[in-house]
Amino acid sequence: MKNRRFGSIRENGFLYVFEHFFSAYRGFFFAVCGILLVAVPYMDLNRATLRLVTMIALYSMLGMGLNVLVGYTGQVSLGHAGFYGIGAYACALLQVRLGLSFWPSLALAGVFTALVGLLLGLPTLRLSGTYLSIVTLGFCEVVQMVLKQWESVTFGNYGVRNIPKPELFGYTFNLQNGGFYQIILALAVLTAVGCLAVKNSKTGRAFLAIKDDELAATMMGIKTSRYKILAFVISAFITGIAGGFYSVINNGYIEPTNFVFNISVLIISVVIVGGLGTIRGMVFGAALLLLFPEVFRGLNEWRFVIYGVLLVLMMQFRPQGALGWQSTLPFKLSRRTKRELEARGLSPSRLNEGKGA
Amino acid sequence: MGFLNVENITMQFGGLRAVDNVSFHVDQGEIVSLIGPNGAGKTTVFNMLTGVYRITGGTMEFLGTALVDKMPQDIVKLGIARTFQNLRLFSKMRVIENVLVGMHINTRYRFFSSLFRTALFRREESEKAVRAVEILKSIGLLKHVNSYAESLPYGEQRKVEIARAMATDAKLLLLDEPAAGMNPAETEELLRFIRQLRDEGYTILLIEHDMNVVMNISDRIYVLDHGRLIADGLPEEIANNRDVVDAYLGGERKKHAED
């Protein structure tokens, strides 16, 4: 394929041509994707498919939440099922015990989970790598224990029942009318926009700098402890909101075993398979990992073996994840910046492409 | 009030005294070199100045402010920035992003500003990006603005480190072997650039092995050996100093001379 504007694939590589092509028509692509996503509930899908699509959107959001921690600052958490559970229980209990409606409960669940993230972030400051992962794994188990044992608040193993469905101005959201999907779509899009806003700011650059070289980041005057905790807080907030949403889509019922360690593994698999540090990767990872068991249902137990082998192969041969490529597009400058550079005789067109030396 | 005054600093690691009672000073607008054989304690001095190590004795003052027991982040804010002997770039980030990270402490918006893209955020981001491109232009990296740091040749990566240090708005630059891994032509260009930095108002404290560089560029030189200061003076004085020659060539020469 030879394209006048993007050069040939042989000269510039597939990624370069693909990215520049996509970038040139991104308005069009986003519009098409947007229309498709909004149209999902009107496609006359059966309940199972609608639930699957809703879960993919939910896990995209969970992936984005964990991605702030793992993809941006490089802190690996195996305890996100803990945050997920705290968010879900907070949202459910606020409704069932205190009679609050869904929306304030959801917001409070996010805030509460963020506070727990702050508390967990503090002692983990001195830990990194495997040690941090072990502590977060322990956190997940502690949450599990608290949910099971603190019966006077959490109903213990019995679980929280009769969680009402979300309502807004008399409209009840449920699975059949696509309401659940609409809520999670809105939440996931807001999360993606928020994550990108953070990533393309001094906060995001500080996160990435800490991931690359913490000592060098310190030497640039970055208060690394503060940013590592901030990443925990943001990550917990997003995960808590996702948990709050999950509590209402489960036939009005949640129990502690909904938030076991396996869920942590699934969330981190989404992040790693999809592509660390990217939003597109989270959506892709969630779709792949949730579709996989459905598509290969005929293989019964064997699908988990294949699933495991795939993960190992992935880690070995493509550790950056399926869509975790380094962009070949130039660094994104605002229109205002381009204008000012132009005025100083530093036309952005003279700056090289991102292909490297 | 002196620019940088260091008095009797000592760094003890268990039984090892890496830096022993060293005193020196740097005046504004100078290029001062710190030389000495491997393991003499030069980089340790940098780590002490920048707050990486908590010193075990002595005093350090920069523009009248005591540096002892300050956090590294606060020392950067006072105006001391450094480069590293073994490159420590943010290798997965672009060159311009590396420089923007250097501007972190001078970027004056807060978290929620970036979330809501306020006017302050847009103005600051734009100003810093323009400044970053200007710094990169001054150091000859204009053609690498968008490149990923890890994709650059070694010599160019060293320049990115200097650019990143400049971006912190430092008054004093600590350069740890900036010419390491550069070919003679690149070294020549680096010398020109360091002089240019001085002319722009930066003060420079340099660790260097390449004698060609040191003798060419330094206003004054301090020589460290086994953690002790063994000589200081003008380049020509140092070149003819017996102790210094001994330290570099080993003590044997002295013995032979005495025989």
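Residues numbered from 1 in each chain as written. Chains lettered and ligands numbered in written order. Predicted model: local features only at pLDDT ≥ 70, side-chain atom pairs only at ≥ 80, totals over all residues. Heavy atoms only, no water.

### What to know about the overall build of chain B
The helix and strand tally for chain B stands at eleven helices and ten strands. Computed over the C-alpha atoms, the radius of gyration of chain B is 20 Å, within 12% of the 18 Å expected from 2.2 N^0.38 for a compact globule of 259 residues. In terms of its C-alpha atoms, chain B occupies a principal-axis envelope of roughly 75 × 40 × 35 Å. Counting all 259 residues of chain B, 55% fall into the buried class. Considering only intrachain contacts with a sequence separation of at least 6, the fraction spanning at least 24 residues in chain B is 65%. When the accessible surface of chain B is totalled, it reaches about 10900 Å², and 48% of it is carbon and sulfur. A gap of 8 Å separates the mean positions of the 31 positive and 35 negative side-chain charges of chain B. (Helix = DSSP H or I, 4+ residues; strand = E, 2+ residues; numbered from the N terminus. Rg over C-alpha atoms; globule rule 2.2 N^0.38 Å. Buried < 20%, exposed > 50% of the residue type's maximum accessible area, 1.4 Å probe, protein only. Contact = heavy atoms within 4.5 Å. Areas by Shrake-Rupley, 256 points an atom, 1.4 Å probe, with all protein chains shown as cover. Lys, Arg positive; Asp, Glu negative; His and termini not counted. Charge placed at Lys NZ, Arg CZ, Asp CG, Glu CD.)

### What to know about the pattern of salt bridges
All told, the structure shown has 17 salt bridges over all chains when counted by the stated rule. The salt bridge partner of Glu134 of chain B is Arg344 of chain A, with a shortest N-O separation of 3.0 Å. With one member in each of two chains, Glu134 of chain B in helix α5 (residues 119-138) and Arg344 of chain A in the segment after α16 (335-343) form a pair that bridges those chains. (Salt bridge = Lys/Arg side-chain N within 4 Å of Asp/Glu carboxyl O.)

### Some words on the domain arrangement of chain B
Residue and element names in this part refer to chain B. The domains assigned to chain B are domain 1 (1-79 + 171-259) and domain 2 (87-169). Measuring from the centre of the C-alpha atoms in domain 1 to the corresponding centre in domain 2 gives 27 Å. Each partner contributes residues to the interface: domain 1 has 18 residues there, and domain 2 has 13 residues. Across the interface of domain 1 and domain 2, roughly 1200 Å² is buried in total on both sides, 68% from carbon and sulfur atoms. Applying the counting criterion to the domain 1 and domain 2 interface returns one salt bridge. Across the pair Glu189 and Lys159 runs a salt bridge, and its minimum N-O distance is 3.0 Å. Inspection of the domain 1/domain 2 interface yields two residue pairs in polar contact (both at pLDDT 80 or more). Sort the elements by how many residues they give to the side of domain 1 that touches domain 2 and helix α7 (residues 184-199) lands first, with six residues. When the residues that make up the side of domain 1 that touches domain 2 are grouped by side-chain class, the tally is ten nonpolar, two polar and six charged. (Domains from an automatic or database assignment. Buried area = accessible area lost by both parts, 1.4 Å probe. Polar contact = N/O pair within 3.5 Å; in protein donor to acceptor, adjacent residues only side chain to side chain. Nonpolar A, V, L, I, M, F, W, Y, C, P; charged D, E, K, R; others polar.)

### What to know about the interface of chain B and chain A
Listed per partner, the contact involves 51 residues of chain B and 47 residues of chain A. Taking both sides of the interface into account, the surface hidden between chain B and chain A amounts to around 4300 Å²; carbon and sulfur atoms contribute 63%. By the criterion of area lost to chain A, the three top residues of chain B are Gln73, His104 and Asn146 of chain B, representing 15% of everything that side buries. Where chain B meets chain A, there are three salt bridges. Summed over the shared surface of chain B and chain A, the result is 15 residue pairs in polar contact (both at pLDDT 80 or more).

### Observations regarding the domain arrangement of chain A
All names here are of chain A. If you check the domain split of chain A, you get domain 1 (1-44) and domain 2 (47-321). Spacing between the C-alpha centres of domain 1 and domain 2 amounts to 29 Å. Contact residues are listed per partner, giving five residues for domain 1 and seven residues for domain 2. With both chains or domains summed, domain 1 and domain 2 bury close to 440 Å², and 69% of this area falls on carbon and sulfur atoms. Ranking the residues of domain 1 by area buried against domain 2 places Leu37, Val40 and Pro41 at the top, with a combined share of 82%. Our enumeration of links across domain 1 and domain 2 arrives at two residue pairs in polar contact (both at pLDDT 80 or more). Tallied by class, the residues present in the side of domain 1 that touches domain 2 amount to five nonpolar, no polar and no charged.

### Some remarks on the sheet that holds strand β1 (residues 4-13) of chain B
Residue and element names in this part refer to chain B. Overall, antiparallel pairing links the four strands, which are arranged β2-β1-β4-β5 in an open sheet. One side of each edge strand has no neighbouring strand; the edge strands of this open sheet are β2 (16-26) and β5 (65-66). As paired elements, β1 and strand β4 (residues 57-62) share five bridges and run antiparallel to each other. Looking across to β4, one finds that Glu7 is bridged to Thr59. The strands touched by helix α1 (residues 42-49) are β1, β2 and β4; relative to β1, the strand with the most contacts, the crossing angle is about 110°. (Pairing = 2+ DSSP bridges. Axes fitted to C-alpha atoms, helices over the stretch in contact; angles between N-to-C directions.)

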